[in-house]
Number of protein chains: 2
Amino acid sequence: MEQKPIPMTGAEKRRTARISQILDAAAHCFVEMGFHRAGMAKIAARAKMSPGHIYHYFESKEAIIAAIVDRESARAAERFAEFDAVDSTELASVMTERAVQSIAEKTDILQSVLNMEMLAECQRNPEIACIIHKHDRYVRDQLTHLIRDKLGLDLAEARTDMMMVQFSGLANRLLRNPDLDLQNMVVLMRQTMMAILSPTLGHEAK
Amino acid sequence: MEQKPIPMTGAEKRRTARISQILDAAAHCFVEMGFHRAGMAKIAARAKMSPGHIYHYFESKEAIIAAIVDRESARAAERFAEFDAVDSTELASVMTERAVQSIAEKTDILQSVLNMEMLAECQRNPEIACIIHKHDRYVRDQLTHLIRDKLGLDLAEARTDMMMVQFSGLANRLLRNPDLDLQNMVVLMRQTMMAILSPTLGHEAK
DNA sequence: TTGATTTTCGAATGAACATTCTATTTGTTG
DNA sequence: CAACAAATAGAATGTTCATTCGAAAATCAA
C-alpha cells in the first residue's frame, strides 16, 4: 500500500531488524504447530532471544499473530500488484502461470497453511478479520481497476472475485489432493481464466 | 462410502449417541476456538458430561480431532454424492446452485472455518492428512466417473479438480470478502462451470 | 570514565490444560 | 433383591504456557 521513504536511525533499524527476526521465527513456528500450540519459548528460541525480551517489541502473543497476518497479507497483495504491469491480452495467461508456478513451490504450500490458519482465526477474532478484509479489499480494488479500465469489461467486481476464486481454490485443492496433475490442470486453468476475462461471459447466447 | 445395515443393541445405540454428543460439542468448540484452544473441560461441559468420562469413548483429544475430521469429510463427500442423480445437461447449473446456496447459509460459513482448521492440521499431522486425502479421493472418483462416463468428456480428472477448485475457492472467497455480491457471482460461476464441462475446453481453436 | 539509558536475560508466577484415578451412581441379570 | 458390571463424576496430578519482573549486560552521552 502506501510506503515510508523516511530514512531510519541506527536504533530504528535495529528495532525493525529484531521485529522481523521475531516475525520470521513466529511464522515458522505457526506453520509447524499452529497459532496456539506454538509457545513463546519456541518462538524465542528460534528468534535467538529470551522469551521475556519479545515483550519489548510485542504486547502479547495475540499482537504477534496480528502482525504475522498483516505481513503475510501485505506480501500476498504485493504479489498481486505485479499484474498491473502485464499486457492486457496476456493477463489470463500470466495469472495462470503465476498461480500454478507459485503453488508448485514448497514455500507456497507453507504459505497456504498459514493462510488456512489465518482464515480460521478471522472468523473468531475481529481484529484479524479487519486486517484480512483490508488487504483483500486492496487487492480487489487493484484487480477490478485493471479489469474495468484496462480491459474495458463490465461486471468487473464479479470477474475479480472469480479470478481470486481460482487462486485460492487451486491452493486449497493442492492441499487436499496431493496427486494433483498440474500439467493438465494448467491448460484448463488458463482457459477458465481466459473465459472469465472474455467479454461474452455474463452475456449468454441463449 | 460403504455402510453397516447391522442393527444395534440398546447399549450400542447409547454408545453411539454419547459419541455423537461429544463430537457435536467438540465441533462447536473447535469452530469457536480452534482445535488447540478448545479445552476438554469446555467440550465436556457442552456435551453435558464430565471431562473424565470423555476418555471412555476417546483415547485422547487428538482422537477426537481425527474423528471430527473424518465425520466432517464424510458429510462433505455425502453432499457431493447427490450430484450422481442429476441429469447430465444440468450438472453445471445444479452444482453452481448448490455451491452458492450452501455457502449463503450461516452453517456453511462455520463449516468452512472447520475446513480451514482441518486443512492446516493436515500439513502437520499425517493421520489427519490420511483421512482428508481418503475422502477427497472418494469424492474425486465419483465426480470423475460422472464426467467421464455420463458426460463422455476427456480430461476427466483435470475437469474434476477444476470443478472442486470452484467449490473451495468460493468458500474461501466468502471468508475473505464479506461484501461479496453473490447475485452477480452466481451468473459467472454457472457459466464458468459450464465451460469446464464443455467438450471444447482443453481443445483450443487456435 | 562515569552515569544514564536501553537491551537482554532467565527465573518466578499463576493460570490453563490433558489426562488419570478413585469413588459413586446407574443399570442389568440371576 | 443382591451382586456385578457399566457409566459417570469430579478431584488430583503433572505439565505446559503466557506473561511479569528484577537484575545483568551492553550502549550511549558527557
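Structure: see above.
Structure report, in brief. Keep in mind the model is a prediction, meaning the values are calculated, not measured. (Residues numbered from 1 in each chain as written. Chains lettered and ligands numbered in written order. Predicted model: local features only at pLDDT ≥ 70, side-chain atom pairs only at ≥ 80, totals over all residues. Heavy atoms only, no water.)

Quick word on the packing of helix H4 (residues 61-81) of chain B against helix H7 (residues 126-150) of chain B
A pair of packed helices is characterised by two quantities: the angle between their axes and the separation of those axes.
Residue and element names in this part refer to chain B.
Then step 1. Direction vectors running N to C along H4 and H7 enclose 5°, while the axes themselves pass 9 Å from each other. When the axes of H4 and H7 are compared, the pair comes out roughly parallel. Where H4 approaches H7, its residues Ile-65, Ala-66, Val-69, Asp-70, Ser-73, Ala-74, Ala-77, Phe-80 and Ala-81 are matched on the opposing element by Glu-127, Ile-128, Ile-131, Ile-132, Lys-134, His-135, Tyr-138, Val-139, Gln-142 and Leu-143. (Axes fitted to C-alpha atoms, helices over the stretch in contact; angles between N-to-C directions. Helix = DSSP H or I, 4+ residues; strand = E, 2+ residues; numbered from the N terminus. Parallel < 35°, antiparallel > 145°, perpendicular 65-115°, else oblique. Contact = heavy atoms within 4.5 Å.)

Quick look at helix H9 (residues 182-196) of chain A
Then step 1. Along its 15 residues, H9(A) runs 20 Å from first to last C-alpha, staying within 8% of the 21 Å computed at 1.5 Å per residue.
Then step 2. Along H9(A), the residues classified as buried are Met185(A), Val186(A), Leu188(A), Met189(A), Gln191(A), Thr192(A), Met193(A) and Ile196(A).
Then step 3. In this fold, the buried residues of H9(A) make contact with helix H5 (91-104) and helix H8 (156-176) of chain A together with helix H8 (156-176) and helix H9 (182-196) of chain B.
Then step 4. The N-terminus of H9(A) is capped by Asp181(A), whose side-chain oxygen sits 3.1 Å from the backbone nitrogen of Gln183(A). (Expected span 1.5 Å × (residues − 1). Buried < 20%, exposed > 50% of the residue type's maximum accessible area, 1.4 Å probe, protein only. Polar contact = N/O pair within 3.5 Å; in protein donor to acceptor, adjacent residues only side chain to side chain.)

Section: the packing of aromatic side chains
Residues and elements named next belong to chain A.
Then step 1. Considering all chains together, one arrives at eight aromatic pairs over all chains under this definition.
Then step 2. Their ring planes at 85° and their centres at 4.9 Å tell us that Phe-30 and Phe-35 sit as a pair that is edge-to-face. Across the pair, Phe-35 and Phe-30 agree in class, each one buried.
Then step 3. One aromatic cluster is present, formed by Phe-80, Phe-83 and Phe-167 through successive ring pairs. (Phe/Tyr/Trp six-rings, centres within 6.5 Å; stacked < 30°, edge-to-face > 60°.)

Examining the interface of chain A and chain B
Then step 1. Between chain A and chain B, the contact holds 55 residues from the first and 55 residues from the second.
Then step 2. Summing both sides of the interface, chain A and chain B together bury roughly 4,800 Å²; the carbon and sulfur share of this comes to 60%.
Then step 3. Considering only the surface of chain A that becomes buried against chain B, Arg124(A), Arg176(A) and Leu188(A) emerge as the three largest contributors, covering 14% of it.
Then step 4. Applying the counting rule to chain A against chain B returns eight salt bridges. (Buried area = accessible area lost by both parts, 1.4 Å probe. Salt bridge = Lys/Arg side-chain N within 4 Å of Asp/Glu carboxyl O.)

Let's talk about the protein's contact with DNA strand D
Then step 1. Around DNA strand D lies a shell of 17 residues, among which Met40(A), Tyr55(A), Lys61(A), His53(B) and His56(B) are the nearest.
Then step 2. Considering the 4 Å shell around the protein, atoms of DNA strand D inside it are sugar or phosphate in 64% of instances.
Then step 3. In the environment of DNA strand D, a phosphate oxygen lies 2.4 Å from a nitrogen or oxygen atom belonging to the backbone of Met40(A).
Then step 4. For the surface near DNA strand D, the elements supplying multiple residues, two or more each, are helix H1 (10-33) and helix H3 (51-54) of chain B.
Then step 5. Here the residues of the surface near DNA strand D sort into five nonpolar, seven polar and five charged. (Near = heavy atom within 4 Å. Nonpolar A, V, L, I, M, F, W, Y, C, P; charged D, E, K, R; others polar.)

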